[in-house]
Amino acid sequence: MATISTIADDFDGSTPAETVRFFVSGKEYAIDLNEEHRGELQKVLAEFEDKMDSYVTKARAVGKARTGKTSKAAASYDAKAVRAWAADNEYEVADRGRIPLEILTAYENRQS
């Protein structure tokens, strides 16, 4: 006996559909879309990246959030020194908590 699997669109249940993967805020999502909805998603991604909630809420999270590039500075650094350098170089950095990777990378690439 053969088993036939069909992927259906997560919005309207239509077939055929295919799984589309995309990233929002460093987190990967997957959603099954027909050709029409896939085109709509591509347009939304291209033009309105910050207004994707309707797709994100229909999608399912896949894996862990990506943090982007890692930096030698991010691995080990003197937070007090980085904060002082950042303040002297017009970066906004909180007195406590994580230092943004952008600042750590700039600190790492600074010219003495």
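Coordinates for the structure precede this section.
Every value quoted in this text rests on a predicted model; they were computed, and no experiment measured them. (Residues numbered from 1 in each chain as written. Predicted model: local features only at pLDDT ≥ 70, side-chain atom pairs only at ≥ 80, totals over all residues. Heavy atoms only, no water.)

(A) Inspection of the overall build of the protein at higher detail. Secondary structure summary: the protein contains five helices and three strands in total. Starting at the N terminus and walking to the C terminus, you meet the elements of the protein as β-β-α-α-β-α-α-α. Counting only residues that meet the buried cut, the protein has 28% of its 112 residues in that class. Pairs at least 24 apart in sequence give 43% of the contacts found in the protein among residues at least 6 apart. For the protein, the computed accessible surface area is about 8600 Å², with 47% contributed by carbon and sulfur atoms. (Helix = DSSP H or I, 4+ residues; strand = E, 2+ residues; numbered from the N terminus. Buried < 20%, exposed > 50% of the residue type's maximum accessible area, 1.4 Å probe, protein only. Contact = heavy atoms within 4.5 Å. Areas by Shrake-Rupley, 256 points an atom, 1.4 Å probe, with all protein chains shown as cover.)

(B) Structural detail: the sheet that holds strand 1 (residues 18-24). Taken together, three strands build an open sheet; the order of strands is 1-2-3 and the sheet is antiparallel. Pairing within the sheet leaves two strands with one partner each, and these edge strands are strand 1 and strand 3 (60-62). Adjacent strand axes in the sheet meet at a mean angle of 40° when their direction is disregarded. Where strand 2 (residues 27-33) meets strand 3, three bridges bridge the pair, whose relative direction is antiparallel. In the strand pairing of strand 3, Ala-30 is matched with Arg-60. (Pairing = 2+ DSSP bridges. Axes fitted to C-alpha atoms, helices over the stretch in contact; angles between N-to-C directions.)

(C) A look at the pattern of salt bridges. According to the stated counting rule, one finds two salt bridges in the structure shown. Here Arg-38 ties to Glu-18 by a salt bridge, and the two come within 3.7 Å at their closest N and O atoms. Remark: Glu-18 occurs in strand 1 and Arg-38 occurs in helix 1 (residues 35-47); sequence separation between them is 20 residues. Here Arg-21 ties to Glu-28 by a salt bridge, and the two come within 3.4 Å at their closest N and O atoms. Judged by relative accessible area, which is 16%, Glu-28 ranks as buried. (Salt bridge = Lys/Arg side-chain N within 4 Å of Asp/Glu carboxyl O.)

(D) A look at helix 1. Relative to the 18 Å expected for 13 residues at 1.5 Å per residue, helix 1 spans 18 Å between its end C-alpha atoms, a close match to the ideal helical length. Along helix 1, the residues classified as buried are His-37, Arg-38, Leu-41 and Val-44. Projection of helix 1 onto a plane perpendicular to its axis shows the buried side chains occupying an angular sector of 120°, all on one side. Of the exposed residues in helix 1, the ones pointing more than 90 degrees away from its buried face are Glu-35, Glu-36, Gln-42 and Ala-46. Regarding helix 1, its N-cap is Asn-34, as a side-chain oxygen of that residue lies 3.1 Å from the backbone nitrogen of Glu-36 further along. (Expected span 1.5 Å × (residues − 1). Arc of directions from axis to C-beta. Polar contact = N/O pair within 3.5 Å; in protein donor to acceptor, adjacent residues only side chain to side chain.)

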